[in-house]
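Chain residues, written in single-letter form:
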Amino acid sequence: MSSNSFGARATFKVGNKEYELYRLDALDKQGISTRHLPFSLRILLENLLRTEDGRSVTEQEIRALAAWNKNSKPEKEIAFTPSRVLLQDFTGVPAVVDLAAMRDAMKRLGGDAKLINPLQPAELVIDHSVQVDEFGTPGAFDVNALLEFQRNKERYAFLRWGQTGFRNLAIVPPDTGIVHQVNLEYLARVVFVHEEGGKRTAYPDTLVGTDSHTTMINGLGVLGWGVGGIEAEAAMLGQPVSMLIKAPRLPISCLQSPRCCASTVWSASSSSISVPACKICRSPIARRLRIWLLNTAPLAASSRSTKKACVT
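### Things to note about the pairing of strand β2 (residues 17-22)
- By the bridge criterion, six bridges tie strand β1 (residues 9-14) to β2 in an arrangement that is antiparallel. Directly across from Phe 12, in β2, lies its bridge partner Tyr 19.
- Inspection of the sheet shows β2 paired to strand β8 (residues 199-204) by two bridges, in the parallel sense. Looking at β8, one finds that Tyr 19 is bridged to Arg 200.

### Considering the pattern of salt bridges
- A complete count under the given rule lists ten salt bridges for this structure.
- One salt bridge connects Arg 23 with Asp 25, and the closest N-O pair in it is separated by 3.1 Å.
- Taking the relative accessible area as the measure of exposure, Asp 25 reaches 24% and is therefore partly exposed.
- Among the salt bridges present, the one from Arg 151 reaches Asp 133, with a minimum N-O distance of 2.8 Å. In this pair, Arg 151 is assigned in helix α5 (residues 140-151) and Asp 133 in the loop between β5 (122-125) and α5, connecting sequence segments 18 residues apart.
- Beyond isolated ion pairs, a larger network of salt bridges with shared partners links Arg 84, Glu 123, Arg 189 and Asp 205.

### Considering the packing of aromatic side chains
- Counted by the stated rule, this structure contains six aromatic pairs.
- Plain terms: the ring middles of Phe 12 and Tyr 19 are 5.5 Å apart, the flat faces sit at 25° to each other, and that makes the pair stacked.
- Owing to a relative accessible area of 30%, Phe 12 belongs among the partly exposed residues under this scheme.
- Tyr 19 sits in the buried class, given a relative accessible area of 14%.
- In this structure an aromatic cluster arises from ring pairing among Phe 158, Trp 161 and Phe 166.
- In this structure, Arg 50 is placed above the aromatic ring of Tyr 203, and the distance from its NZ or CZ to the ring centre is 3.9 Å.
- Across from the ring centre of Tyr 19, 5.9 Å away, lies the NZ or CZ of Arg 200, which sits over that ring.

### Comments concerning a nonpolar patch on the surface
- On the surface, Val 190, Val 191 and Val 193 cluster together to form a nonpolar patch covering roughly 240 Å² of accessible area.
- Here Val 190 lies in the loop between α7 (179-187) and β7 (191-196).

### A short note on the sheet that holds strand β6 (residues 169-172)
- Taken together, the five strands give an open sheet; going across it, the order is β6-β5-β4-β9-β10, and neighbouring strands pair in parallel fashion. Two strands bound the open sheet, and with one partner strand each, they are β6 and β10 (223-226). Going from strand to strand, the sheet's axes swing by 20° on average, the running direction of each strand aside.
- Each of β4 (84-88), β5, β6 and β9 (206-209) is contacted by α7, which is oriented at about 150° to β4, the strand it contacts most.
- Against the sheet, helix α8 (residues 229-236) engages β4, β5 and β9, with an angle of about 140° to β4.

### Overview of the sheet that holds β8
- Pairing within the open sheet is mixed, and its four strands lie in the order β1-β2-β8-β7. The outermost strands of the open sheet, each flanked by one partner alone, are β1 and β7. If you compare each strand with its neighbour and ignore which way they point, the axes differ by 35° on average.
- Pairing analysis gives six bridges linking β7 to β8, with the strands arranged antiparallel. Residue Glu 196 lies in a different strand from β8, and its bridge partner there is Lys 199.

### Points about the packing of helix α2 (residues 39-51) against helix α3 (residues 59-66)
- Two elements in contact, α2 and α3, have axes separated by 10 Å at closest approach and are oriented at 170°. Considering their axes alone, α2 and α3 lie roughly antiparallel with respect to each other. Both α2 and α3 take part in a crossing whose hand is left-handed. The segment α2 lies against α3, with Leu 41, Leu 44, Leu 45, Leu 48 and Leu 49 engaging Glu 61, Ile 62, Leu 65 and Ala 66.
- Classifying every residue of the contact of α2 with α3 by side-chain character gives eight nonpolar, no polar and one charged.

### What about helix α4 (residues 89-108)?
- Helix length check: α4, at 20 residues, gives a terminal C-alpha distance of 28 Å against a target of 28 Å (1.5 Å per residue), a fit within 8%.
- Considered for burial, the residues of α4 that qualify are Asp 89, Gly 92, Val 93, Ala 95, Val 96, Leu 99, Ala 100 and Arg 103. Take α4 and look down its axis: the buried residues cluster within an arc of 165°, on one side only. Of the exposed residues in α4, the ones pointing more than 90 degrees away from its buried face are Phe 90 and Arg 108.
- Contacts from the buried residues of α4 go to β4, β5, α6 (153-165), β6 and α8.
- A side-chain oxygen of the first residue of α4 lies 2.7 Å from the backbone nitrogen of Phe 90; this N-cap is Gln 88.
- In the stretch just after α4, Gly 110 is the one whose phi turns positive, near 85°.

Rules behind the numbers
- Residues numbered from 1 in each chain as written.
- Predicted model: local features only at pLDDT ≥ 70, side-chain atom pairs only at ≥ 80, totals over all residues.
- Heavy atoms only, no water.
- Pairing = 2+ DSSP bridges.
- Helix = DSSP H or I, 4+ residues; strand = E, 2+ residues; numbered from the N terminus.
- Salt bridge = Lys/Arg side-chain N within 4 Å of Asp/Glu carboxyl O.
- Buried < 20%, exposed > 50% of the residue type's maximum accessible area, 1.4 Å probe, protein only.
- Phe/Tyr/Trp six-rings, centres within 6.5 Å; stacked < 30°, edge-to-face > 60°.
- Lys NZ or Arg CZ within 6 Å of the ring centre and 35° of its normal.
- Patch = residues over 30% accessible without salt bridge, like charges linked within 9 Å, V, L, I, M, F, W, Y side chains within 5 Å.
- Areas by Shrake-Rupley, 256 points an atom, 1.4 Å probe, with all protein chains shown as cover.
- Axes fitted to C-alpha atoms, helices over the stretch in contact; angles between N-to-C directions.
- Contact = heavy atoms within 4.5 Å.
- Parallel < 35°, antiparallel > 145°, perpendicular 65-115°, else oblique.
- Left-handed = near helix turned anticlockwise from the far one by under 90°.
- Nonpolar A, V, L, I, M, F, W, Y, C, P; charged D, E, K, R; others polar.
- Expected span 1.5 Å × (residues − 1).
- Arc of directions from axis to C-beta.
- Polar contact = N/O pair within 3.5 Å; in protein donor to acceptor, adjacent residues only side chain to side chain.

Okay, here's the thing in structure tokens:
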């Protein structure tokens, strides 16, 4: 339960159900402006208001985040608690093994092994183990799927046990979709609802994930960060993620100069990209994005001769 130092906790009804939420305008009413914050930082601010405990998240950290402006230097850290954790099988299997080892240790100490569970909802998508042995034939999918199960029988049996053995752990089985597609189309809640002690709390869906495509979820307005296996496992066990207070500068700058950025043009006829000479569009991040565009645009441009894309 949040310390609620700013009186941000409020209730609202949907049908015959009542929910709690944490309102940012509670800060505005106390003279702490939040309207200047980018939407991404507003979501982080709600996260701090909801998880304020006086230890991991303090009143001073909430004030520091609310005081952010475009000239702020990223010097202050906050403790962000994601709503869920996204895993793929390469990094997910070791995490489940660690949970199983903790259960064994708990049992040896005479405790209840069933108390060992992820504290945050964790979803593991098995999509990194397939190999292409058969291709170009009507039965290619079935052949590759069969070989995948034969090669990974022991791992998959262990993960199936994990899905039934642990609370808060869901396993998306093999051959049902790749992780970023499943995350975008099936796993995303957009709004999370947590029920405890007969009370429901609604809050924004946020996550950390170990797949390189984790951040695609930002396209749905769900904040997602890519992390390593150790950070993801710590988040599963309820540990907040430490991060500096900052907002993405390049997208903000690009949105301020859309004419310049929108003039990045892919030409299918010449297989080249023309780029304006502004400082933003010449940045290292923008160059990497143009490399991606150069690799993928020919597929998308088969029906049209030109494509325009903002570098953000």
